[in-house]
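Geometric and topological summary
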Amino acid sequence: MYLLYVKRLVTMVGDLKHGRTVHSLAQLLCLYEIKQLRFVSPGNLKMPKEVTDYVASHGIDQAEFDSLEEALPETDVLYMTRMQQERFHSEEEYRKVRGCFVLTPEILTNGKEKMIVLHPLPRVDEISVEVDSDPRAAYFRQAEYGMYVRMALLAMVLGKM
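1. Some thoughts on helix α2 (residues 49–57)
- Those residues of α2 that sit buried are V51, T52 and V55. Looking straight down α2, one finds that the buried residues subtend no more than 95 degrees of arc, so they occupy a single side. Exposed and oriented more than 90 degrees from the buried face of α2 are K49, E50 and S57.
- Those residues of α2 that are buried lie in contact with α1 (20–29), β2 (34–40) and β3 (62–65).
- Looking one or two places after α2, you find G59, whose phi comes out positive at around 75 degrees.

Below is the structure:
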């Protein structure tokens, strides 16, 4: 795993309030030595207090940012998430936050050369398709590897291994 050997700075971006993947990832990262966990989200979609309290109880430094550009330069692992339209009470509420954090090639120029970009997929518009060809874009590999892990788990559960 990319995170195991050196203390890494991980930045999570997007709908951190509703995203199950960011909640479980933040808790999982407590098992490793993380330099800092950064959160970038609109004010009404911040990481829930129970998650930040759990992370804090494991001694991991945390910081909140209002802009992706501000959080990016020191980031080792960038975990992007989409704004989940189905979680909003109205279309207008969703439109207010949709597209507020979009990773583009221009923004990515401020990222580390060895940084990786992850995303649980599917994406909406939070990662420009032009980023797909950047070697730091690891979200398609992430999805492929996840498929193999699920296949192995199913085989184990079904007694095929």
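2. Points about the nonpolar core
- Core analysis: the biggest nonpolar cluster contains 24 residues, and L78, L103 and V117 have the highest contact counts within it.
- Going through the elements one at a time, β3, α3 (68–71), β4 (77–80), α4 (91–97) and α5 (105–108) are the ones with two or more residues in this core.
- Here L103 is in contact with L68, L78, M80, L108, V117, E126, I127, S128 and V131, once residues within four sequence places are set aside.

3. A word on the side chain of S41
- Following the sequence through the fold, S41 ends up in the loop between β2 and α2.
- Overall, the relative accessible area of 5% leaves S41 in the buried class.
- Only 3.5 Å separates the side chain of S41 from the backbone oxygen of L45, close enough to count as a polar contact.
- Beyond its immediate chain neighbours, meaning those up to four positions away, S41 contacts G14, L16, K46, F65 and F101.

4. Describing the pairing of β2
- In terms of burial, β2 is a largely internal element, six of the seven residues being buried.
- The parallel pair strand β1 (residues 8–13) and β2 is bridged by α1, and the resulting crossover is right-handed.
- Alignment of β2 against β3, held across four bridges, turns out to be parallel. Within β3, the residue paired with L37 across the bridge is Q62.
- The β-α-β motif built from β2, the intervening α2 and the parallel element β3 has right-handed crossover chirality.

5. Structural notes on the confidence of the model for the protein chain
- When pLDDT is averaged along the protein chain, the result is 92, and 96% of the positions lie at 70 or above.
- Predicted confidence in the protein chain is weakest over α4, with a mean pLDDT of 83, and strongest over β4, with 98.

6. Side note on empty space enclosed by the protein
- Considering all chains together, one arrives at one cavity of 30 Å³ or more under this definition.
- A volume near 80 Å³ is recorded for the largest cavity.
- Along its surface, the largest cavity is lined by 14 residues, and M83, G99, F101, D125 and E126 are the ones closest to its centre.
- Looking at side-chain class alone, the lining of the largest cavity contains eight nonpolar, three polar and three charged residues.

7. Describing the sheet that holds β4
- Ordered in space as β3-β2-β1-β4-β5, the five strands form an open sheet in which the pairing is parallel. One side of each edge strand has no neighbouring strand; the edge strands of this open sheet are β3 and β5 (116–118). Averaged over all pairs of adjacent strands, the angle between their axes in this sheet comes to 20 degrees, without regard to strand direction.
- Judged from the four bridges that link them, β1 and β4 form a sheet pairing that is parallel. Within β4, the residue paired with M12 across the bridge is Y79.
- The sheet strands contacting α1 are β1, β2 and β4, and the helix crosses β1 at an angle near 165 degrees.

Calculation criteria
- Residues numbered from 1 in each chain as written.
- Predicted model: local features only at pLDDT ≥ 70, side-chain atom pairs only at ≥ 80, totals over all residues.
- Heavy atoms only, no water.
- Buried < 20%, exposed > 50% of the residue type's maximum accessible area, 1.4 Å probe, protein only.
- Helix = DSSP H or I, 4+ residues; strand = E, 2+ residues; numbered from the N terminus.
- Arc of directions from axis to C-beta.
- Contact = heavy atoms within 4.5 Å.
- Core = buried A, V, L, I, M, F, W, Y, C linked by side-chain atoms within 4.5 Å.
- Polar contact = N/O pair within 3.5 Å; in protein donor to acceptor, adjacent residues only side chain to side chain.
- Right-handed = clockwise from strand over helix to strand, strands pointing away.
- Pairing = 2+ DSSP bridges.
- pLDDT = per-residue confidence, 0-100.
- 1 Å grid on protein atoms, 1.4 Å probe; cavity = no way out; pocket = protein on both sides within 12 Å on 5 of 7 lines; lining within 4 Å.
- Points joined across faces, edges and corners; volume = space filled by probe spheres on them.
- Nonpolar A, V, L, I, M, F, W, Y, C, P; charged D, E, K, R; others polar.
- Axes fitted to C-alpha atoms, helices over the stretch in contact; angles between N-to-C directions.

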